[in-house]
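Structural features, examined
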Amino acid sequence: MIEEKGKEKETYFVIARPDPSGRFPLLELAKILSGALSITVQDAAVRLRRAWGVLHKTGSVDEAKALSRQLAANGFGSVVLQSSSIKAFPTLKVIKKALPSSEGLIIPEAGTMDTPYARGMDKLVPWDRFSLVCAGGFFEEDARAPAEEKPQEGPSAVKIITSVALAAATGMPSFGKLRPKKAVPAAMQPRKDFNCYLDIISRDGLACFRVCGGAFDYSYLGGRKEPSALLNFRKLVPDVLHFLPGVLRNRGARAIADGAPDGFKYGDRQEYEGERFWLFQNS
């Protein structure tokens, strides 16, 4: 079959569905991919660590479906998505003050950080609007958080998922051309700060919020408030999850809810956002 001139060939992604238990079965999936793609188990494991739930990228829909069926035969759910069907990640609005309540997430719309919550002055977002909660911490060179995350629309979303898939194919992340880095004296290297984030995302992408752990007002905790932002962050996450028992959540959110000391830590922003992007495709 001759392709139409100027028409890009469709790309297909085999994306794993999250395990109901919340764990990521890396070794089991690595063995399946090893046999299906004729690579070593070690290489398959490296791909999975880099790409989270993006298991395979191919130009053949039959190949993608065959792998999906093989995964199903071994007890693992997956979905085959065309590059044009990848959901763009929505904009996250940064909020500096909120109150998790039985009615929903209350967000002050007016007044200063010291203004008490008051009906008519606050925005109430019902809990049933949310489908995904992600939390985690990682080291960053620049501690200043952006006002909001831009949505990755059209080609940008495809570029991100393609980059993740390329990482799965090569075992190395790819976000553009790599340039050799010049050696920088230790005294001149930028300081790295450990930052925590809580992302609460709606099904329709219209109510998506981000809490930057070090810049949030935890006054809603009252007598439970601690002198440490990290300790307060570890209280905020379970408070939110308490009202969202069945919502899809990432590894970091589950670790904090379980009281794990450091299971919410990620290697870097790319690792955190890679998992979040995969889960969003399934939310």
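Residues numbered from 1 in each chain as written. Predicted model: local features only at pLDDT ≥ 70, side-chain atom pairs only at ≥ 80, totals over all residues. Heavy atoms only, no water.

**Quick notes on the nonpolar core**
Grouped together as the largest cluster of nonpolar side chains are 40 residues, with contacts concentrated most on Ile15, Leu48, Leu55, Leu71 and Ile201. Not counting the four nearest positions on each side in its chain, Ile201 is found in contact with Phe89, Pro90, Leu92, Phe130, Ser131, Leu132, Ala207, Cys208, Arg276 and Phe280. Counting 30 residues, the second largest nonpolar core, distinct from the first, contains Ile95, Ile107, Val133 and Ala207. (Core = buried A, V, L, I, M, F, W, Y, C linked by side-chain atoms within 4.5 Å. Buried < 20%, exposed > 50% of the residue type's maximum accessible area, 1.4 Å probe, protein only. Contact = heavy atoms within 4.5 Å.)

**Describing helix H3 (residues 61–73)**
With 13 residues, H3 extends 18 Å between its outermost C-alpha atoms, agreeing within 8% with the 18 Å of an ideal straight helix rising 1.5 Å per residue. The set of residues buried in H3 consists of Ala64, Leu67, Ser68 and Leu71. Here the buried residues of H3 occupy an arc of 100 degrees about the axis, which is enough to place them on one side. Away from its buried face, by an angle of more than 90 degrees, H3 presents the exposed residues Asp62, Arg69 and Ala73. Looking at the buried residues of H3, the elements they touch are strand S1 (12–16), helix H1 (26–37), strand S2 (54–58) and strand S3 (78–82). Gly75 sits one or two positions beyond H3 and adopts a positive phi of about 90 degrees. (Helix = DSSP H or I, 4+ residues; strand = E, 2+ residues; numbered from the N terminus. Expected span 1.5 Å × (residues − 1). Arc of directions from axis to C-beta.)

**Overview of the sheet that holds S3**
The sheet built from 3 strands is open, its strands ordered S2-S1-S3 with antiparallel pairing. The open sheet has two free edges, formed respectively by S2 and S3, since each of these has just one partner strand. Averaged over all pairs of adjacent strands, the angle between their axes in this sheet comes to 20 degrees, without regard to strand direction. Where S1 and S2 come together, 4 bridges link them in antiparallel fashion. Paired with Val14 across the strands is His56, a residue of S2. (Pairing = 2+ DSSP bridges. Axes fitted to C-alpha atoms, helices over the stretch in contact; angles between N-to-C directions.)

**Description of the packing of H1 against helix H2 (residues 41–51)**
Interhelical geometry of H1 versus H2 gives an angle of 120 degrees and a closest axis separation of 8 Å. Judged by the angle between their axes, H1 and H2 are oblique. Considering only the axes of H1 and H2, their crossing is right-handed. Here Leu26, Leu29, Ala30, Lys31, Leu33, Ser34 and Leu37 of H1 lie close against H2, whose contacting residues are Val41, Ala44, Ala45, Arg47, Leu48 and Arg49. By residue class, the composition of the contact of H1 with H2 is 9 nonpolar, 1 polar and 3 charged. (Parallel < 35°, antiparallel > 145°, perpendicular 65-115°, else oblique. Left-handed = near helix turned anticlockwise from the far one by under 90°. Nonpolar A, V, L, I, M, F, W, Y, C, P; charged D, E, K, R; others polar.)

**Focus: the pairing of strand S6 (residues 105–108)**
Here 2 bridges tie strand S5 (residues 99–100) to S6, and the two strands are oriented antiparallel to one another. Note that in S6 the partner of Pro100 across the bridge is Leu105. Linking S5 to S6, which pair antiparallel, is a turn of 4 residues; within it Gly104 sits at a positive phi near 155 degrees. Strand direction decides the pairing type here: S6 and strand S7 (residues 122–125), joined by 4 bridges, are antiparallel. Bridging across to S7, Ile106 finds its partner in Leu124.

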